[in-house]
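Per-entry structural report
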Amino acid sequence: MASETLTLHNNGHEVSYLDYQGKHKGLLGWLLSTDHKRIGILYMIGVLSFFAVGVTLGFLIRLELLTPQGTIVGPQAYNEFFTVHGIIMIFIVVIPVIPAVFGNFFLPIMLGAKDVAFPRINLLTWYLYIIGGVLILLSLVLPGGAADTGWTFYVPYSVRTGTNMIFTLTAVFIIGFSSILTGLNFLTTIHRMRAPGMDWFKMPLFAWSLYATSWIQVIVTPIVGITLLMVIVERVFHVGIFDPTLGGDPLLFQHMFWMYSHPAVYIIIVPAMGVISEIIPVFSQRTIFGYKFIAYSSLGIAVFGSLVWAHHMFATGMSDTAEFVFSLLTFLVAIPSAIKVFNWTATLYKGSIKLEAPMLYALAFIFLFSIGGLTGIIQGALNVDLYLTDTYFIVGHIHYVVFGGTGFGLFAALHYWLPKMFGRMYNKKVAKVAFWIVFIGFNVLYFPFFILGWMGMPRRSYHYLPQFQLYHVIATVGSWILVLGLLIMMVNLLVSLIKGKKITENNIWGGETLEWKVSTPPTVENFEEIPEVFDGPYEYKQNEYASMEEEVK
Amino acid sequence: MTTQEHAVEQVHRDDIRSKMGMWLFLFSELLLFGGLFFMYSVYRFMHQQDFSIASKEMNTFLGTLNTVILLTSSLTMALSIAAIQRGKKALSIFLQIVTILFGLAFMVNKVIEWSHEFAEGNFPGSASLANRPPGQILYFGLYYSMVGLHGLHVLVGMTVIGFMTVFTIRGKITQDNYVKLEAAGLYWHLVDIIWIFLFPLFYLIT
């Protein structure tokens, strides 16, 4: 037995990380693994499970809103549904999903490293993440009821409500800690573990986007951590911090909450932008247009995005000067995002575009994110925002940005990288059909929100006026289409892991980044020898010929 | 220890990497306290008089004593690293234990101070505190939260240094490989620095 292990051990670098048998076997071999690839898969299982819970809650919310009065649940249950839906989707799905799943799996490979800088801390983050997620699920089933404050935890209600707030707040605190450690790990990995020859501007743009995201995670997450910790302390020990009856200022809570939670929007979207920056050049077989602009715009978003938080609070009666400054900064943050959108479209120009499933999702990302981004700009204008604050318009905006952006970025990444991770291809036809159902369902569900908001429908409302019903019915039907599409997509991907066609070639899609040069699925050590890098990440043959021709001329 | 451990071991030891990770962690710790300092400055601005009145009730002697204790403990911590760099293992262990004892003395002082405050009825949720003006409630709320969180960090720091002492005894921290001890030292200095700001904010400014 011992000698058997030893042989395997010696040949470890030739064995796929999926088949590798180390000291621990079977399930423990996964749960105690410090291999960044296995941790990435652990995260994937975690995130997608919580995503399923979040989708179910969202589905129930839409079902409830089919009629103007109560449909399936009472008002208290409805409040808990939209709160937990928001908390799950924001804090344990879209914030961690792309860095923790695909960042963990592919960042070291893309940089030419064998693992992340701190593999054991990496495993610790997964456990923290799961503990947080389980706490939130517990708050749903335990007596007392789940949090009913909305995902924003505004005081004083969050200090006074009798529901299981402590569970939820502790969960978000723990997940925040996990997020900080992941950020710290990636920053150190990017700084210290790039392969020889890979200077900063030879890094794939996905790595750049993770770099910017990690900085935001490390900088702003502690702020929300301490804020929520103070709410816990206030609830448990009645220490005067935010509650006005104890002298506190609830608006201070809002400032501190959004100091994190607005940059968190960029923790959510920037990694997805990184995924899109990988997929667009591969499926147009063309060098990315404006590499440095995209790289710097990620950092630009990180900087500006940290300075715009109070645009969530225009209706709270801040000073005019503050409102003006925050409105201006909000407009400015659109610039780096727009730079990316223009560069992606410019990359498509004259490319040989292949409309595979990842590309479809990537193109849908650009379309939906543009709608989401532009409707955000509308609300950055002070006078318009006063009218639109807390209406369905903001709900539509957040879903277009977060779901249309990061959600579609996630689906694109799944279709792009899953075959590489498991060595099996999904059914491409079914994937495309699923895409169109998801895309149509998404728009039928969320576009009416803009109209509803413009008509004055308030968010988080259990009852509504009869004149809004038509749009609510359309949205609910949209949710059915969307869920159907998601089911087809997920089943197709899951079936492919077992029955999909085996892939042996390294480069499935014709990419030029390092993950396409290692075997499929990657071996335990990723590389038998640490590679030396000479070319940039998007130098396609076609273009090399083109530049050679130019030189000849 | 774990399945793919060897994948890690084959990578060269990189002390700069370890320290960079520690610095980033300290950075996030600083921002954690930064949130509290931010709350303090906002509330101090809103309730200047109440803060001034409440801060006069602090025991400046015990506060000063604790500042001296913590500053000295930072010195012994730094010296323990200098000792291991010169290969003086026993001296390094001695200095680490002294550092832990200073941390303990700091905590004992805090317990004395807090029990005194509690005896006077200045604790969160008490009737006598609730009857005071909002600014004073906030002052004591912030005092207990900030000093309490700092105390928690002192305890964590003592535990970490305790582990380092064990590592040094077992020969895992040596003249050639002392980056763990350095990282623990960085953490201890952070705890010290935060106190250096807490002390004037709560005890000295009136």
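How each quantity is defined
Residues numbered from 1 in each chain as written. Chains lettered and ligands numbered in written order. Predicted model: local features only at pLDDT ≥ 70, side-chain atom pairs only at ≥ 80, totals over all residues. Contact = placed C-beta atoms within 7 Å. Helix = DSSP H or I, 4+ residues; strand = E, 2+ residues; numbered from the N terminus. Nonpolar A, V, L, I, M, F, W, Y, C, P; charged D, E, K, R; others polar. Expected span 1.5 Å × (residues − 1). Bend = angle between axes of the 7 residues up to and from the residue. Buried ≥ 20, exposed ≤ 12 C-beta atoms within 10 Å, placed from the backbone. pLDDT = per-residue confidence, 0-100.

Let's talk about the interface of chain A and chain B
Counting from both sides, the interface comprises 42 residues of chain A and, opposite them, 32 residues of chain B. Listed by contribution, the elements that provide at least two residues to the side of chain A that touches chain B are helix H8 (165-192), helix H9 (205-237) and helix H10 (250-284) of chain A. Its residues assigned to classes, the side of chain A that touches chain B shows 21 nonpolar, 15 polar and six charged.

A short note on helix H5 (residues 97-111) of chain A
Residues separated by three or four positions in an α-helix point in the same direction, a consequence of the helix having 3.6 residues per turn. Residue and element names in this part refer to chain A. Here H5 contains 15 residues, and its C-alpha end-to-end distance of 20 Å stays within 8% of the 21 Å for a straight helix at 1.5 Å per residue. Of all the bends in H5, the largest measures some 55 degrees and sits at Gly103. Within H5, 15 of the 15 residues are buried, which leaves the element mostly enclosed by the surrounding structure. Following H5 by one or two positions, Gly112 adopts a phi angle in the positive range, close to 80 degrees.

Some thoughts on the environment of Glu278(A)
Residues and elements named next belong to chain A. Among the secondary structure elements, Glu278 is positioned in helix H10. For the pair formed by Glu278 and Gly536, sequence separation is 258 residues and the distance between their alpha carbons is 13 Å. Among all residues touching Glu278, those that are not within four sequence positions of it are Pro204, Leu205, Phe206 and Thr513.

Regarding the confidence of the model for chain B
Residues and elements named next belong to chain B. For chain B, the mean per-residue pLDDT works out to 91, and 94% of the residues sit at or above 70. Least confident of the elements in chain B is helix H1 (residues 5-9), whose mean pLDDT is 42; most confident is helix H4 (residues 60-85), at 96. Low pLDDT (under 50) marks residues 1-11, which in the prediction has 27 contacts with non-local residues, meaning those over four places away or in another chain. In the predicted complex, the global pTM is 0.92; the interface-specific ipTM is 0.90.

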